[in-house]
Amino acid sequence: MKRLFAGTALALIAAGAAQAESHMQNVSACLITKTDTNPFFVKMREGAQQAADELGITLNSYAGTIDGDHEAQVDAIETCIANGASGILITPSDTSAIVSSVQQARDAGLLVIALDTPLDPIDAADATFATDNFLAGELIGKWAAAKLGEEAANAKIAMLDLGVSQPSVDVLRDQGFLTGFGIDTKDPNKWGDEDDPRIVGNDVTAGNEEGGRTAMENLLAKDPEINVVYTINEPAAAGAYEALKAIGRENDVLIVSVDGGCPGVQNVADGVIGATSQQYPLEMARLGVEAIAKYAEDGTLPENTEGKDFYDTGVKLVTDEPVEGVESISVEEGQELCWG
């Protein structure tokens, strides 16, 4: 009898496992990124696919042709709804315009998680898994101010932002940098309204190298004595460096950025970038896919980091020129954690 009971129990366990596996095979998730070329989003896609494979669920990935391709993201959401996806992970190009499409997905029963870039308002998504983008900006702002010392009072700053629609990640990093540097941000919900004379101006880069170079050239035409450059990300920083190099000023301008990809960390090692705030897209994507699987299994919703209105996936300042009062890791440590 005991042997028969044990055999029955094992059969029930095996049947339950098979049923759970079969259930997961019917679960699908969508990943919608801003582009499929930026190393940050490439790594995010890899992380999401790896998690999906491990969990036995289907992942469908979509991306805009360029950063700011809002319509492609709207189309992708509609496709995900029509295909009966269980959830959507999205890095929104236009954080407010996409809200109505996101609401359609939620009304259809999909779990929607914003990755990296919070929606506006943030609670338009079921959850947000992201770097603390304000902190990322604040770290490089504090570092730049400390690096300049007393000369920070006479700085001439170029602000190389993302896009004219000012998505939340764009605003948070920009305003974080200025706060860290010690500049009054006026309205913290937008960039460009500051009146501090140290800011030469803002220009947009579309988050790529070509845009970074053009934006830097535009601001140098306005003031060729710029000596501090804030950049939304490392591709934009690389473009800014090329513009400075073209006029022989690559060695006397401080460039700071956000991302922490392997090419960007190497640029810190090579002196192209002074410091960068490193974020972790692999973790964002993995957690997002796991959350969709859990939601499909029993309806569980993700929880925020305590004291924040999102789940914080971490950020570290990477530099080989540490300053007092700003915690950082070395380039060597950054290379161990980098992506792309």
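Refer to the structure printed above.
Per chain, residues are indexed from 1 in the order of the written sequence. Only residues with pLDDT of at least 70 get local features here, since the model is predicted, and only at 80 or more are side-chain atom pairs given and counted; chain-wide, interface and lining totals rely on the full set of residues. Just so you know, side-chain values use all the structure's heavy atoms and leave hydrogens and water out.

With that out of the way, let us pick up the packing of helix α5 (residues 133–148) against helix α6 (residues 168–181). Axes here refer to lines fitted to C-alpha atoms; in helices the fit is confined to the stretch in contact. Angles between the N-to-C directions go from 0 to 180 degrees. Helix numbering and strand numbering both begin at the N terminus, where a helix is a DSSP run of H or I of at least 4 residues and a strand a DSSP run of E of at least 2. Close contact between α5 and α6 brings their axes to 6 Å; oriented N to C, the two are set at 30°. Taken together, the axes of α5 and α6 are roughly parallel relative to one another. The crossing of α5 and α6 is right-handed. Along its contact with α5, which presents N133, F134, G137, E138, I140, G141, K142, A144, A145 and L148, the element α6 presents V169, L172, R173, Q175, G176, F177, T179, G180 and F181. Of the residues that constitute the contact of α5 with α6, the class distribution is nine nonpolar, seven polar and three charged. For classification purposes, angles smaller than 35 degrees are called roughly parallel, those larger than 145 roughly antiparallel, those between 65 and 115 roughly perpendicular, and all remaining angles oblique. Two helices cross in a left-handed way if the nearer one is turned anticlockwise from the farther one by less than a right angle. They cross in a right-handed way if the turn is clockwise. Residue contacts are defined here by distance: any two heavy atoms, one from each residue, within 4.5 Å place the two residues in contact. Gly falls in the polar group here, along with every residue not listed as nonpolar (Ala, Val, Leu, Ile, Met, Phe, Trp, Tyr, Cys, Pro) or charged (Asp, Glu, Lys, Arg).

On to the nonpolar core. In terms of nonpolar packing, the biggest core is built from 29 residues, with W143, I157, F177 and F181 touching the most fellow members. Only α5, β6 (157–161), α6, β8 (228–231) and β9 (254–259) provide two or more residues apiece to this core. Aside from chain neighbours lying at most four places away, what touches I157 is F177, F181, I183, R198, I199, V200, G201 and V228. Residues grouped as a nonpolar core are buried Ala, Val, Leu, Ile, Met, Phe, Trp, Tyr and Cys residues, joined through side-chain atoms within 4.5 Å. Buried residues are those whose accessible area, probed at 1.4 Å on protein chains only, stays under 20% of the maximum for their type, while exposed residues exceed 50% and partly exposed ones sit between those limits.

This brings us to the sheet that holds strand β1 (residues 28–33). What the six strands build is an open sheet, ordered β2-β1-β3-β4-β5-β11; its pairing is parallel. For this open sheet the edge positions go to β2 (58–63) and β11 (311–312), each flanked by a neighbour on one side alone. Strands are labelled as partners when DSSP assigns at least two bridges between them. Bridge count for β1 against strand β3 (residues 87–90) is four bridges, and the pairing is parallel. Bridged to L31 within β3 is L89. The strands touched by helix α10 (residues 281–298) within the sheet are β1, β3, β4 (111–115), β5 (127–130) and β11, with β4 carrying the most contacts at an inclination of about 170°.

Here we take up the pattern of salt bridges. One speaks of a salt bridge when a side-chain nitrogen belonging to Lys or Arg is within 4 Å of a carboxyl oxygen belonging to Asp or Glu. Per the counting criterion, the structure on display carries 17 salt bridges. Put simply, R106 and D126 hold a salt bridge, and the shortest N to O gap is 3.0 Å. With R106 in helix α4 (residues 99–107) and D126 in the loop between β4 and β5, this pair connects stretches of sequence that are 20 residues apart. Taking relative accessible area as the criterion, D126 reaches 25% and is therefore assigned partly exposed. With a closest N to O distance of 2.9 Å, E283 and R286 form a salt bridge. With a gap of three residues between them, E283 and R286 both fall in helix α10, about one helical turn apart. Owing to a relative accessible area of 30%, E283 belongs among the partly exposed residues under this scheme. On the accessibility criterion, R286 (29% relative accessible area) is partly exposed. Linked through salt bridges whose partners overlap, the residues forming this network are D132, K308 and D312.

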